[in-house]
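Descriptive structure summary
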Amino acid sequence: MDEEYDAIILGTGLKECVISGLLSVSGKKVLHMDRNKYYGGESASITPLADLFNKYGKDSEYNEESYGKGRDWSVDLIPKLIMANGELVRMLILSGVTRYLEFKSIESSYVFYKGKLSKIPASDTEALKTDLVGVFEKKRFADLVSCVAKYTEEDGVTKKGYQKGMKTEDFIKLFNIPNVTDVIGHAIALQLDDDYLQSPCEDTVKRLKLYFDSVSRYGKSPYLYPLYGLGELPQGFARLSAIYGGTYMLDKPVEEIVMDGGKVVGVKSQGETARTKLVVGDPSYFPDLVKKTGQVVRAICILDHPIVTKKGNSVGVSTQIIFPCSQVQGRKSDIYVCCVSFAHNVAAKGHYIAIASCKVETDNPLRELEIALDLLKPIKAQFNSVSDLYEPINDGTDNKIFITTSYDATTHFESTCCDIKDVYKRVTGEDVDFSKVTTNLEVDN
């Protein structure tokens, strides 16, 4: 390891692997290390299934006869879906990682509203049929969908009464559909709390357009998912980095971050020191340089049946469900459910993997997921965890240590991509250039 690198990357979570891949493609000499023997870090996919039971201390509960072949399973520890027209897709296409991966559409997107599950409309036509609003509001809801679909940076919003910079709350009032503000803001625009209502509406309009543009790409829902699990994503970017000269070392413990004059100059492992101009890594490698910002509770549930609505209708072999905080008594942030299945080559035939997650707000985290877990019953096996959330205490420009943030409770990659772009710009001084992205992913519907 007696070499000097432009960058050393610590941890093989998706964020670190994307940054590693992008740096390698741009001509940087990169060394990528991980203390684990596998890719993915805290966002890894676990296979075979016996390893998942072992990880959570439930070895005695595992029986291959009951769950099918263990190698048929690949269970994500942190569930995330890919917005079809979002920035992760652009990163995949821009980097060429798509050559290593296959994707499948998520069948549906639902919201928990007024005590029941309702499908989120995928078009203005579906908006006219939705049970989210009453008969007289359907046309107004469809008008909102149509208005958002027509939005462009050049022409802006074409709705009568719109004023640039007006509050989102006032923008929604233009359509006279106050009863579905939660659905618009949380389940479609994917806002994390209600602060957006007092912010300029343009951000929410762009988020809504992203949702509906993503739906129009492949139909059914705005979300995609890689066959064989999310663990394929960091491995894809790792392959990309290797092609461009990046060096990967798994099972490589980090003994010391070597500093000189207040700046990082190397990383010591197993008695050897690799010199570097900068380091990028996940929070677990820098306990003294991060601060705790909260916790996330997650429950991984194995089911032998699809999720059904109160009317007994199946949501399909895959779905995302959002529980807006205002629809769950006492909550300040949303609850999420992500469900994938054998259709995505991550479970044995006839089985489903549903993961419920939310930001912890009380001293009884698992109880906060009850409303979601009740929806999933009967649950064949359940694995619970509470993870701390961390973010760096400085931006890294002085000490040349650039730290990613922990993965939040959301079941989509939009906040993840924001962190990737932010770290990449701090490292290089440049934005990720998406101007060359002109093609779509090949997706199995």
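Up top you'll find the structure we're talking about.
These numbers come from a predicted model, not from an experiment.

Further remarks concern the packing of aromatic side chains. Overall, the coordinates contain 13 aromatic pairs when judged by the stated rule. When the ring of phenylalanine 53 is compared with that of phenylalanine 383, the centres are 4.9 Å apart and the planes differ by 85°; the resulting orientation is edge-to-face. In this pair, phenylalanine 53 is assigned in helix H2 (residues 49-55) and phenylalanine 383 in strand S20 (residues 381-392), connecting sequence segments 330 residues apart. The same class applies to phenylalanine 53 as to phenylalanine 383, namely buried. Aromatic rings pair up to connect Phe53, Tyr56, Tyr62, Tyr67, Trp73 and Phe383 into one cluster. Lying across the ring of tyrosine 407, lysine 15 places its NZ or CZ 4.9 Å from the centre. Taking the ring centre of phenylalanine 383 as reference, the NZ or CZ of lysine 58 above it sits at 5.2 Å.

A few words on the layout of surface pockets. Within this model, the largest pocket holds a volume of roughly 880 Å³. Forming the boundary of the largest pocket are 37 residues, of which Leu192, Asp408, Thr410, Glu414 and Ser415 lie nearest the centre. Listed by contribution, the elements that provide at least two residues to the lining of the largest pocket are helix H4 (87-95), helix H9 (201-218), strand S16 (290-303), S20 and helix H12 (414-428). Per-element accounting of the lining of the largest pocket gives the leading share, 6 residues, to H12. Of the residues contributing to the lining of the largest pocket, the split by class is 13 nonpolar, 10 polar and 14 charged. Within this model, the second largest pocket holds a volume of roughly 470 Å³. In terms of lining residues, the second largest pocket is bounded by 26 residues, among which Gly41, Glu42, Leu77, Ile78 and Ser387 are the most central. Per-element accounting of the lining of the second largest pocket gives the leading share, 4 residues, to S20. Within the lining of the second largest pocket, the residues separate by chemical class into 8 nonpolar, 10 polar and 8 charged.

Counted under the stated rule, the structure contains 2 cavities of 30 Å³ or more. In this model, the largest cavity occupies a volume close to 60 Å³. In terms of lining, the largest cavity is formed by Leu14, Ser43, Ile78, Lys80, Leu230, Pro234, Tyr407 and Phe413. For the lining of the largest cavity, the per-class residue count stands at 6 nonpolar, 1 polar and 1 charged. As a volume, the second largest cavity reaches approximately 50 Å³. What lines the second largest cavity is Ser74, Asp76, Pro79, Tyr225, Cys338, Val340, Ile353 and Ile355. Among the secondary structure elements, those contributing two or more residues to the lining of the second largest cavity are strand S18 (335-341) and strand S19 (352-359).

Here glycine 262 shows up in the loop between strand S12 (256-260) and strand S13 (263-269). You can call glycine 262 partly exposed: its relative accessible area is 47%. Linking glycine 262 and phenylalanine 413, residues 151 residues apart in sequence, is a C-alpha distance of 34 Å. Each residue touching glycine 262, except ones within four places of it in the same chain, is listed here: Asp398 and Asn399.

Rules of the game
- Residues numbered from 1 in each chain as written.
- Predicted model: local features only at pLDDT ≥ 70, side-chain atom pairs only at ≥ 80, totals over all residues.
- Heavy atoms only, no water.
- Phe/Tyr/Trp six-rings, centres within 6.5 Å; stacked < 30°, edge-to-face > 60°.
- Helix = DSSP H or I, 4+ residues; strand = E, 2+ residues; numbered from the N terminus.
- Buried < 20%, exposed > 50% of the residue type's maximum accessible area, 1.4 Å probe, protein only.
- Lys NZ or Arg CZ within 6 Å of the ring centre and 35° of its normal.
- 1 Å grid on protein atoms, 1.4 Å probe; cavity = no way out; pocket = protein on both sides within 12 Å on 5 of 7 lines; lining within 4 Å.
- Points joined across faces, edges and corners; volume = space filled by probe spheres on them.
- Nonpolar A, V, L, I, M, F, W, Y, C, P; charged D, E, K, R; others polar.
- Contact = heavy atoms within 4.5 Å.

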